[in-house]
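# Structure assessment
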Amino acid sequence: MPIKDRDYNKAKALLEAAGSKSAEKSHIKHTGSKGSPDGHGRSLYNEAQQDFGGQPTAAQLEALRKASKFLGV
């Protein structure tokens, strides 16, 4: 199921603010009403997890939790 642009962009912003370099490099989605493949959301989430490493801070864990809701992962 496609991810709405606004949901992807909210998750990107959360992860970026928490320090994810991959989210920072990710492009803002603007597909109109088409949305993005759910694989894009999973990739954003997984890459942010890797950026945060094995001992993420409380803020990073909270960003991942919130992003997961937006991305459906």
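Here goes a summary of the coordinates provided. (Residues numbered from 1 in each chain as written. Predicted model: local features only at pLDDT ≥ 70, side-chain atom pairs only at ≥ 80, totals over all residues. Heavy atoms only, no water.)

Here helix 3 (residues 38-52) is 15 residues long and its end C-alpha atoms lie 21 Å apart, about the 21 Å a rise of 1.5 Å per residue gives. Buried residues of helix 3: Gly41, Leu44, Tyr45, Ala48 and Phe52, and no others. All buried residues of helix 3 project into a common sector of 90° when viewed along the axis, lining one side. Contacts made by the buried residues of helix 3 are with helix 1 (5-17), helix 2 (21-25) and helix 4 (58-71). Backbone geometry just downstream of helix 3 places Gly53 in the positive-phi region, at approximately 75°. (Helix = DSSP H or I, 4+ residues; strand = E, 2+ residues; numbered from the N terminus. Expected span 1.5 Å × (residues − 1). Buried < 20%, exposed > 50% of the residue type's maximum accessible area, 1.4 Å probe, protein only. Arc of directions from axis to C-beta. Contact = heavy atoms within 4.5 Å.)

Turning our eyes to something else, we now look at the packing of helix 1 against helix 3. Each pair of packed helices gets described by two things: the angle between the helix axes and the distance between those axes. The interhelical angle for the contact between helix 1 and helix 3, taken along N-to-C directions, is 5°, at an axis separation of 11 Å. Considered as vectors, helix 1 and helix 3 are oriented roughly parallel to each other. In this structure, helix 1 uses Tyr8, Ala11, Lys12 and Leu15 to contact helix 3, whose residues at the interface are His40, Gly41, Leu44, Ala48 and Phe52. Residue classes in the contact of helix 1 with helix 3 are distributed as six nonpolar, two polar and one charged. (Axes fitted to C-alpha atoms, helices over the stretch in contact; angles between N-to-C directions. Parallel < 35°, antiparallel > 145°, perpendicular 65-115°, else oblique. Nonpolar A, V, L, I, M, F, W, Y, C, P; charged D, E, K, R; others polar.)

Think of it this way: side chains of opposite charge can pair up when their charged atoms draw near. Evaluation of the coordinates by the stated rule reveals six salt bridges. Of the charged contacts in the structure, one is a salt bridge between Arg6 and Asp7, with a shortest N-O distance of 3.9 Å. With relative accessibility at 52%, the residue Arg6 sits in the exposed group. You can call Asp7 buried: its relative accessible area is 18%. Note that Arg65 is salt-bridged to Glu62, the shortest N-O span being 2.6 Å. With a gap of three residues between them, Arg65 and Glu62 both fall in helix 4, about one helical turn apart. Residue classification places Arg65 among the partly exposed residues on the basis of a relative accessible area of 38%. One salt-bridge network, in which partners are shared between bridges, spans Glu62, Arg65 and Lys66. (Salt bridge = Lys/Arg side-chain N within 4 Å of Asp/Glu carboxyl O.)

Let us now look at the packing of helix 1 against helix 4. For the pair helix 1 and helix 4, interaxial distance at closest approach is 8 Å and the crossing angle is 170°. Taken together, the axis directions place helix 1 and helix 4 in an arrangement best described as roughly antiparallel. Contact with helix 1, carried on its side by Asp7, Tyr8, Lys10, Ala11, Leu14 and Leu15, involves Ala63, Leu64, Lys66, Ala67, Phe70 and Leu71 of helix 4 and no other residues of that element.

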